[in-house]
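Reading the structure
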Amino acid sequence: KDIPGTSALSPAPPKECVPDSGSPSGTTEADYCRRILVRDAKGTIREIVLPKGLDLDRPKRTRTSFTAEQLYRLELEFQRCQYVVGRERTELARQLNLSETQVR
């Protein structure tokens, strides 16, 4: 079925969507790719080929909102040493009431 604004020929799948030569026989592009149709601002419908491993349905993680004091302290530490690890990282996270993941 033709959709106005799309080509009869599908674009070549992205490199990461093509099964490698070592794939078991019988594996197809469909096993690796997800094709979706999108309408752009002009109303043209286009096909986009994405790896199936890309989870578009998962919720985005929330972005941390740092206070002015937290930013100031984090910037001071970054100027002093670009990589805060170990006890320094644990202690800085505790002092700023952040997780160690947020202090990186």
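Residues numbered from 1 in each chain as written. Predicted model: local features only at pLDDT ≥ 70, side-chain atom pairs only at ≥ 80, totals over all residues. Heavy atoms only, no water.

**Thoughts on the overall build of the protein chain**
- Per the secondary structure count, the protein chain includes 2 helices and 2 strands.
- Going from N to C terminus, the protein chain has its helices and strands arranged as β-β-α-α.
- Taking all 104 residues of the protein chain together, 14% fall into the buried category.
- Across the protein chain, contacts joining residues at least 24 apart in sequence account for 28% of those joining residues at least 6 apart.
- Looking at the protein chain as shown, the accessible area adds up to about 9000 Å², and 52% of this sits on carbon and sulfur atoms. (Helix = DSSP H or I, 4+ residues; strand = E, 2+ residues; numbered from the N terminus. Buried < 20%, exposed > 50% of the residue type's maximum accessible area, 1.4 Å probe, protein only. Contact = heavy atoms within 4.5 Å. Areas by Shrake-Rupley, 256 points an atom, 1.4 Å probe, with all protein chains shown as cover.)

**Observations concerning the pairing of strand 2 (residues 45-51)**
- Pairing geometry for strand 1 (residues 33-39) and strand 2, over 7 bridges, is antiparallel. Within strand 2, the residue paired with Arg-35 across the bridge is Val-49.
- Connecting strand 1 to the next strand, strand 2, in antiparallel fashion are 5 residues, including Gly-43 with a positive phi near 90 degrees. (Pairing = 2+ DSSP bridges.)

**Focus: the nonpolar core**
- Counting 6 residues, the largest nonpolar core consists of Leu-74, Leu-92, Ala-93, Leu-96, Leu-98 and Val-103.
- Tallying contributions element by element places helix 2 (residues 86-96) first for this core, with 3 residues. (Core = buried A, V, L, I, M, F, W, Y, C linked by side-chain atoms within 4.5 Å.)

**Let's talk about unusual backbone geometry**
- Unlike most non-glycine residues, Asn-97 shows phi in positive territory, near 60 degrees.
- Mapping Asn-97 onto the fold places it in the segment after helix 2.

**A look at helix 2**
- Turning to helix 2, its buried residues number three or more, namely Leu-92, Ala-93 and Leu-96. For helix 2, the arc enclosing every buried residue in end-on projection is 100 degrees, short of the 170-degree limit, so these residues lie on one face. The outward face of helix 2, more than 90 degrees from its buried face, is lined by the exposed residues Arg-87 and Arg-94.
- Close packing links the buried residues of helix 2 with helix 1 (68-80). (Arc of directions from axis to C-beta.)

**Notes on the pattern of salt bridges**
- Taken as a whole and judged by the stated rule, the model has 5 salt bridges.
- Between Asp-40 and Arg-46 there is a salt bridge whose closest N-O contact spans 3.4 Å.
- Overall, the relative accessible area of 28% leaves Asp-40 in the partly exposed class.
- Look at Arg-46 and you get partly exposed, because its relative accessible area is 48%.
- Measuring nitrogen to oxygen at the nearest pair gives 3.0 Å for the salt bridge that ties Arg-80 to Glu-77. Separated by 3 residues within a single helix, Arg-80 and Glu-77 lie in helix 1, roughly one turn from each other. (Salt bridge = Lys/Arg side-chain N within 4 Å of Asp/Glu carboxyl O.)

**Remarks on the packing of helix 1 against helix 2**
- The interhelical angle for the contact between helix 1 and helix 2, taken along N-to-C directions, is 165 degrees, at an axis separation of 10 Å. Comparing their axes, helix 2 and helix 1 come out roughly antiparallel. In this structure, the crossing between helix 1 and helix 2 has a hand that is right-handed. For the pair helix 1 and helix 2, contact is made by Gln-70, Arg-73, Leu-74, Glu-77 and Arg-80 and by Glu-88, Leu-92, Gln-95 and Leu-96, respectively.
- Of the residues belonging to the contact of helix 1 with helix 2, the class tally is 3 nonpolar, 2 polar and 4 charged. (Axes fitted to C-alpha atoms, helices over the stretch in contact; angles between N-to-C directions. Parallel < 35°, antiparallel > 145°, perpendicular 65-115°, else oblique. Left-handed = near helix turned anticlockwise from the far one by under 90°. Nonpolar A, V, L, I, M, F, W, Y, C, P; charged D, E, K, R; others polar.)

Purely geometric numbers; function is a separate question.
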